[in-house]
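# Notes for the structure review
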Amino acid sequence: MGDRRTVIPFGPQHPVLPEPIQLKLVLEDEKVVEALPQIGYIHRGLERLVKVRDFNQMVFVAERICGICSFQHAMSYCLSIERLMNIEVPERADYLRVIWSELHRVHSHLLWLGLMADAFGFEAMFMETWKIREAVVDMMEATAGSRVIISTCQVGGVRRDIAPELLQQIVKLADDVQRRVKAIEHSVLNDYTIKKRTVDKGVISKEQAWKLGAAGPVLRASGVKWDARMIGYAGYKYLNFEPVVETAGDCYARTKVRFREMFVALDLLRQAVAKIPAGEINVKVKGNPEGEAFIQVEQPRGEVTYTVKGNGTKNLEKMHVRTPTFANIPAFLTMLPGCELADVPVLALTIDPCISCTER
Amino acid sequence: MGLINNSRAKSPWVVHFDCGSCNGCDIEVLACLTPLYDIERFGILNIGNPKHADVLLVTGTVNPRNERVLRNVYEQIPEPKVVVAIGACACTGGVFADCYNVIQGVDKIIPVDVYVPGCAARPEAIIDGVVLGLQKFQEKVEKMNKKAVGN
Ligand code: SF4
């Protein structure tokens, strides 16, 4: 018989995933026996930019690590610098940060749902979810003036305030999105095809998820109750929320976690709008950062950590980012062996890969 | 010939290649396909196979690693073809221009016909860019025809 193994390159230009990642899939007939990721297509080396850009300018670079969770990257960076320089951010700014973060989470999860639907071949659902997402993106434009990269965070607070009427509109939007997502939730989670392709596929047990260092929805879908928002950074310390946990650890559980997270995010939006105090939105920053600081922030894809090191000049000495997709890749590679070739896109999407932040 | 040329210019198929973008421009390209912006009304279809495509949309920064892939995708698209560079990154390198692993602009690697500015480029701007690209496309088709008749 000889060797029946075939190697199939998956990517880098690929119809399902918009981003270039290459996987070399070693197949035995239709079964995947091994997956070897080939990376580096998006590496830009932006962490080294700290040498040429000062710490205030770096906010814009950090924001462009990933365009989908851009605000949260900017916020994480600002939080780490604020911790380094012992800056107390005004309470209103904390709340505004929560509002923009949660808007980003909702839009990111909707985007993911659309791509997932596309991977199943459900074109109409892709269109539907992106239609809902447009409403969220419109709100970002109304509050910040830009659709995806909103550039409202700065060291010491936020750059823009949200007017009271707009805050009320955010509540209206939350209700509207909730209703529309509820409407598709039923048809997604009870669909025969979707169940067939996700239930018991790519199972990661609780121990595995913990050992492999998975993050975000992948970790929570395996039954680990951990969400960096529980630490209470920014305005989360003033709000109530429960992390969403599922126990099955398969693709279906991950889909469910993201669905329920959307509702939690919408709820957080409502709470934040109800509680937001009046006051200043930023404080003046004096001096240069010195020392080292570390911060964890929950992004739509999981936990991001920022480590920054300053040396008393306006340029940082070092910045290091560990992004959630990077943490999820070992889990993803564990899921692959044993699955069929046709399942690979769906498995890839259930970790919600974001290659541009992984490779930076 | 008339029929083929007409359908070429009236229904161009686009292929999208993400070099190294931050996703900001990518999601705006995808947003163009969705109901609010709907570029299908211009007859534009998004496909995955470069061999079927007429227009190449490039987003993000080029680097020495993906340069080969970009060139490969470009070469697979049959003539006539149009390249649209989307976003500051694809035009010049954008905020990342000073990074060590970034080539400043797609036009250093392949010829670019239309530049769409913005970070992230707005869907309206992208549509405008593609429509502009179509005019160039028409010119290229006509030029090709002349050549064919000349022979
Ligand atoms: S131009 Fe801006 S939004 Fe577009 S890929 Fe580059 S950094 Fe991202």
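The structure presented is a predicted model; accordingly, all values stated were derived computationally and were not measured.

### What about the site of the ligand?
- Neighbouring residues of the ligand: 13 residues in total, closest Cys-22, Cys-25, Ala-88, Cys-89 and Cys-119 of chain B.
- In this structure, the ligand is bordered by residues of chains A and B.
- Taken together, the elements giving at least two residues each to the shell around the ligand come down to helix H2 (24-33) and helix H4 (87-92) of chain B.
- When the residues that make up the shell around the ligand are grouped by side-chain class, the tally is 8 nonpolar, 4 polar and 1 charged.

### A word on the pairing of strand S1 (residues 13-20) of chain B
Residue and element names in this part refer to chain B.
- Counting buried positions over the 8 residues of S1 gives 7, a clear majority of the element.
- Of the pairings in the sheet, the one linking S1 to strand S2 (residues 45-47) comprises 3 bridges and is parallel in character. Looking across to S2, one finds that Val-15 is bridged to Ile-47.
- This β-α-β element, S1 to H2 to S2, shows right-handed connectivity.
- In the sheet, S1 pairs with strand S3 (residues 55-60) via 6 bridges, with the strands oriented parallel. In the strand pairing of S3, Val-14 is matched with Val-55.

### Notes on the nonpolar core
- Formed by 133 residues in total, the largest nonpolar core has its most connected members in Tyr-77, Ile-99, Trp-100, Leu-103, Tyr-306 and Met-319 of chain A together with Ile-86 of chain B.
- Counting residues per element, this core draws most heavily on helix H3 (residues 91-120) of chain A, at 17 residues.
- Those residues within four positions of Leu-103 of chain A in sequence are excluded, and the remaining contacts are Val-136, Met-139, Met-140, Leu-173 and Leu-269 of chain A.

### Notes on the sheet that holds strand S5 (residues 114-116) of chain B
Residues and elements named next belong to chain B.
- Read across the sheet, 5 strands follow the order S2-S1-S3-S4-S5 without closing on themselves; strand pairing throughout is parallel. Two strands lie at the open edges of the sheet, namely S2 and S5, each paired on one side alone. In this sheet, neighbouring strand axes are inclined to one another by 30 degrees on average, regardless of whether the strands run parallel or antiparallel.
- Helix-sheet contacts for H2 involve S1, S2, S3 and strand S4 (82-86), and the interaxial angle to S3 is about 145 degrees.
- Where helix H3 (residues 67-76) meets the sheet, it contacts S1, S3 and S4, and its direction lies at approximately 165 degrees from that of S3.

### Topic: the side chain of Thr-152 of chain A
- Position of Thr-152 of chain A relative to the elements: it lies in the loop between helix H4 (123-144) and strand S4 (153-154).
- In this structure, Thr-152 of chain A is in contact with Glu-63, Phe-71, Trp-100, Ala-144, Val-158, Arg-159 and Arg-160 of chain A, ignoring residues within four places of it in sequence.

### Quick word on the interface of chain B and chain A
- Listed by partner, the interface residues are 40 residues for chain B and 39 residues for chain A.
- Carbon and sulfur atoms make up 61% of the area that chain B and chain A hide from each other, which totals about 3,300 Å².
- Inspection of the region where chain B meets chain A yields 3 salt bridges.
- Of the charged contacts, one joins Glu-141 of chain A and Arg-122 of chain B as a salt bridge, the two residues approaching to 3.0 Å between their closest N and O atoms.
- At the surface where chain B touches chain A, the tally comes to 8 residue pairs in polar contact (both at pLDDT 80 or more).
- Those elements giving two or more residues to the side of chain B that touches chain A turn out to be S1, H2 and H3 of chain B.
- If one sorts the elements of the side of chain B that touches chain A by residue count, H2 of chain B sits on top with 7 residues.

### Concerning the packing of aromatic side chains
Residues and elements named next belong to chain A.
- If you walk through the whole model with that rule in mind, you get 5 aromatic pairs over all chains.
- Aromatic pair Phe-71 and Trp-100: ring centres 5.7 Å apart, planes at 50 degrees, arrangement tilted. Of this pair, Phe-71 sits in helix H2 (residues 70-85) while Trp-100 sits in helix H3, and the two are 29 residues apart along the sequence.
- The exposure class of Trp-100 is buried, given its relative accessible area of 0%.
- For the pair Tyr-77 and Tyr-306, a centre-to-centre distance of 6.4 Å together with 65 degrees between the ring planes defines the contact as edge-to-face. Placement of Tyr-77 in helix H2 and of Tyr-306 in strand S7 (residues 302-311) is noted, with a sequence separation of 229 residues between them. Note on accessibility: Tyr-77 and Tyr-306 belong to one class, buried.

What counts and how
- Residues numbered from 1 in each chain as written.
- Chains lettered and ligands numbered in written order.
- Predicted model: local features only at pLDDT ≥ 70, side-chain atom pairs only at ≥ 80, totals over all residues.
- Heavy atoms only, no water.
- Near = heavy atom within 4 Å.
- Helix = DSSP H or I, 4+ residues; strand = E, 2+ residues; numbered from the N terminus.
- Nonpolar A, V, L, I, M, F, W, Y, C, P; charged D, E, K, R; others polar.
- Buried < 20%, exposed > 50% of the residue type's maximum accessible area, 1.4 Å probe, protein only.
- Pairing = 2+ DSSP bridges.
- Right-handed = clockwise from strand over helix to strand, strands pointing away.
- Core = buried A, V, L, I, M, F, W, Y, C linked by side-chain atoms within 4.5 Å.
- Contact = heavy atoms within 4.5 Å.
- Axes fitted to C-alpha atoms, helices over the stretch in contact; angles between N-to-C directions.
- Buried area = accessible area lost by both parts, 1.4 Å probe.
- Salt bridge = Lys/Arg side-chain N within 4 Å of Asp/Glu carboxyl O.
- Polar contact = N/O pair within 3.5 Å; in protein donor to acceptor, adjacent residues only side chain to side chain.
- Phe/Tyr/Trp six-rings, centres within 6.5 Å; stacked < 30°, edge-to-face > 60°.

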